[in-house]
Amino acid sequence: MANLQRSIGLRPAILLVVSVIVGSGVFKKVAPMAAELGSPLLILGCWAGAGLISLAGALSNAEMAGMFPDSGGEYIYYRKIYGRFFAFMYGWGNFMVMKTAAIAALAHIFGQSFCSLWGVSTAEAALLVKLVATGLILLLTWVNYRGVPFAEGVSRLLTYLMFLSVAVIVFLGLRSESGSVQHMLAGSTNPEAPELHGFGLISALTAASLGAFWGYEGWNHIGYLGEEVKDPQRTLPLALGIGTGLVILIYTVLNAVYVYVLPVDTLMQLTNQPDKIAAVEVIRQAAGWGGALFVSCLILVTTFNATNASVLMSARIFFAMARDGLFFPKAAVIHPVYQTPSMALVLQGLWSVLLVWSGSFDQLTDLLIFVSFIFYGATALGVILLRVKQPALHRPYKVIWYPFLPLFFTLFCFVLVVMTIVSQPADALTGAVLLATGLPFYYYFGRLKPQETIPES
């Protein structure tokens, strides 16, 4: 069986982790979180807390990544721990919703930001937004079709640009004349602000945290490239831990700037103005029209970069499935020149474009966190199960504070899933139905033999 080439070192792997996580959430989610919480300190606490929980998941995931450094990430882990059926359902969920809808949503946000930058109202330019989003997905599919070094080089350049841009935003925000430490300490004075005590506080924190978790979504993607990472037993755990830690720092600092420049009541009002992005309004206040233009360009860079990284990494799941005979056989093809899973990239790109034009990706991404945390919890639980069942298995990296850290993350995922089922039963049922669409395909693919990975003819 042919394998993909190992070409990704530690620094590129860390940058890929950062690039796939930092999309649009950190620039937009502070407004709805302010409306839910009415407190700057709780907003910052939610971002930090969601980051630390994501880091707990990343560190648990890292033990698996070190043991099974193959293309496909969790798909490979689940196949070894829970069997082919559970692994297939994970992969099918990613194809139907979790990865392709996320790619469609990121590309759509890029299209909206692109149109807004040129003064075109998105309400009047829905067709143009979809055309731009489609063009972006097709362009990035072609970039990744051409090879990992080429695609990773694009991502590395954009990630360095993002680091520089974040530093500029922090500088502009801290020197803003309207900035005040009091803004960071004072709660809302709006009489319509939510009352935060008892179950109301728990409910508000849960709703706000879901927004923060969307911002952190993607920390596990680097595992999909396990077969293409150099010294994967060392590189993958380090990339997961360091990359996620860097994102926590970026998100916490940026949100601290937001609540330093604008009072929480002003941030709450932005929820009634869907055409406005919180980060843009903060820097408009701090640095005028030029600053707002700068942040708008930054959002274009980050959504472009996150879309690129998602396209690059997610296709490896479908490649691994096809190689096992659990997906369309053509997806197991490796391009003879570029050494990429070329047909898996094409299938992923076409389905993502279809979701853009269906207009359903917004509803699908609402299910993203709920469905994702089912599988995130399964990974952390798998760490514990393997320690019990196969204690002698070679583990290049062992998760810190075992068993408490993976157990904590497993329980958190379980509680989040249960709360979603109780509070949003329609979303939970829709997610279950979408996963169930994979059942007839599982039985169809089950009759096929595992694929030899052959060069593209």
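Computed from a predicted structure; not experimentally measured.

A.B. asks: Whenever I open this one, the overall build of the protein confuses me. Can you help?
C.D. replies: What the protein contains, in helices and strands, is 20 helices and zero strands. For 457 residues, the compact-globule formula gives about 23 Å, and the C-alpha radius of gyration of the protein, at 21 Å, lands near that figure. The dimensions of the protein, computed from C-alpha atoms along their principal axes, are 65 × 45 × 40 Å. Counting all 457 residues of the protein, 58% fall into the buried class. Partitioning the contacts of the protein with sequence separation of at least 6, the portion at a separation of at least 24 is 84%.

A.B. asks: Would you take a moment to explain the packing of helix 4 (residues 40-67) against helix 5 (residues 74-81) for this structure?
C.D. replies: Each pair of packed helices gets described by two things: the angle between the helix axes and the distance between those axes. Across the interface, helix 4 lies against helix 5 with an axial gap of 10 Å and an inter-helix angle of 75 degrees. When the interaxial angle is binned, helix 4 and helix 5 end up roughly perpendicular. Contact residues: Asn61, Met64 and Ala65 in helix 4; Glu74, Tyr77 and Ile81 in helix 5. A breakdown of the residues in the contact of helix 4 with helix 5 according to their chemical character gives four nonpolar, one polar and one charged.

A.B. asks: I would appreciate a short explanation of the pattern of salt bridges in the present structure.
C.D. replies: Side-chain pairs of opposite charge can arise whenever the charged atoms involved come near each other. Following the criterion strictly, the structure yields five salt bridges and no others. Across the pair arginine 387 and glutamate 63 runs a salt bridge, and its minimum N-O distance is 2.9 Å. Here arginine 387 is found in helix 17 (residues 368-389), whereas its partner glutamate 63 is found in helix 4, with 324 residues between them in sequence. A single burial state applies to arginine 387 and to glutamate 63, both of which are buried.

A.B. asks: Help me understand a nonpolar patch on the surface, please; the structure alone is not making it clear to me.
C.D. replies: Taken together, the side chains of Leu127, Leu128, Leu131 and Trp357 define a hydrophobic patch exposed on the protein surface, amounting to about 380 Å² of accessible area. Ranked by residue count, the leading element in the nonpolar patch is helix 8 (residues 126-145), at three residues. Relative to the elements of secondary structure, leucine 127 occurs in helix 8. Residue class for leucine 127 comes out exposed when judged on its relative accessible area of 54%.

A.B. asks: Would you explain empty space enclosed by the protein in this entry?
C.D. replies: If a probe as big as a water molecule is rolled over the atoms, it shows which places are left empty. On inspection of all chains with the given rule, the structure shows two cavities of 30 Å³ or more. Space inside the largest cavity adds up to approximately 190 Å³. Taken together, 19 residues make up the lining of the largest cavity; nearest its centre are Val20, Ala102, Leu106, Trp214 and Glu217. Sorting the residues of the lining of the largest cavity by element identifies helix 1 (10-21), helix 7 (100-117), helix 11 (199-216) and helix 14 (278-323) as the ones contributing at least two each. The element contributing the most residues to the lining of the largest cavity is helix 14, with three residues. Each residue belonging to the lining of the largest cavity can be placed in one class, and the counts come to nine nonpolar, eight polar and two charged.

A.B. asks: Would you explain the packing of aromatic side chains in this entry?
C.D. replies: Both the distance between ring centres and the angle between the ring planes are used here to describe each pair of aromatic rings. For the coordinates displayed, the defined rule picks out 38 aromatic pairs. On the numbers, 6.0 Å between centres and 50 degrees between planes, the contact of tyrosine 78 with tyrosine 82 is tilted. For tyrosine 78, a relative accessible area of 0% puts it in the buried group. Judged by relative accessible area, which is 29%, tyrosine 82 ranks as partly exposed. Ring geometry for tyrosine 216 versus tyrosine 251: centroids 4.9 Å apart, planes at 50 degrees, classification tilted. Of the two residues, tyrosine 216 is situated in helix 11 and tyrosine 251 in helix 12 (residues 232-261); the sequence distance between them amounts to 35 residues. Residue classification places tyrosine 216 among the buried residues on the basis of a relative accessible area of 1%. Directly above the ring of tyrosine 402 sits arginine 387, whose terminal nitrogen or CZ lies 3.9 Å from the centroid.

A.B. asks: I tried to follow the side chain of glutamine 348 on my own but got confused; where do I start?
C.D. replies: Its place among the elements puts glutamine 348 in helix 15 (residues 342-358). On the accessibility criterion, glutamine 348 (1% relative accessible area) is buried. From its side chain, glutamine 348 meets the backbone nitrogen of alanine 315 in a polar contact 3.0 Å long. Leave out the neighbours within four places in its chain, and glutamine 348 touches Phe95, Thr100, Ile103, Ser310, Val311, Ser314, Ala315 and Phe318.

A.B. asks: Explanation requested: the environment of alanine 309 in the structure shown.
C.D. replies: Along the polypeptide, alanine 309 turns up in helix 14. Along the sequence, alanine 309 and leucine 201 sit 108 residues apart, while their C-alpha atoms lie 36 Å from each other. Among residues more than four places away in sequence, those in contact with alanine 309 are Leu16, Ser19 and Val20.

Rules used in this analysis
Residues numbered from 1 in each chain as written. Predicted model: local features only at pLDDT ≥ 70, side-chain atom pairs only at ≥ 80, totals over all residues. Heavy atoms only, no water. Helix = DSSP H or I, 4+ residues; strand = E, 2+ residues; numbered from the N terminus. Rg over C-alpha atoms; globule rule 2.2 N^0.38 Å. Buried < 20%, exposed > 50% of the residue type's maximum accessible area, 1.4 Å probe, protein only. Contact = heavy atoms within 4.5 Å. Axes fitted to C-alpha atoms, helices over the stretch in contact; angles between N-to-C directions. Parallel < 35°, antiparallel > 145°, perpendicular 65-115°, else oblique. Nonpolar A, V, L, I, M, F, W, Y, C, P; charged D, E, K, R; others polar. Salt bridge = Lys/Arg side-chain N within 4 Å of Asp/Glu carboxyl O. Patch = residues over 30% accessible without salt bridge, like charges linked within 9 Å, V, L, I, M, F, W, Y side chains within 5 Å. Areas by Shrake-Rupley, 256 points an atom, 1.4 Å probe, with all protein chains shown as cover. 1 Å grid on protein atoms, 1.4 Å probe; cavity = no way out; pocket = protein on both sides within 12 Å on 5 of 7 lines; lining within 4 Å. Points joined across faces, edges and corners; volume = space filled by probe spheres on them. Phe/Tyr/Trp six-rings, centres within 6.5 Å; stacked < 30°, edge-to-face > 60°. Lys NZ or Arg CZ within 6 Å of the ring centre and 35° of its normal. Polar contact = N/O pair within 3.5 Å; in protein donor to acceptor, adjacent residues only side chain to side chain.

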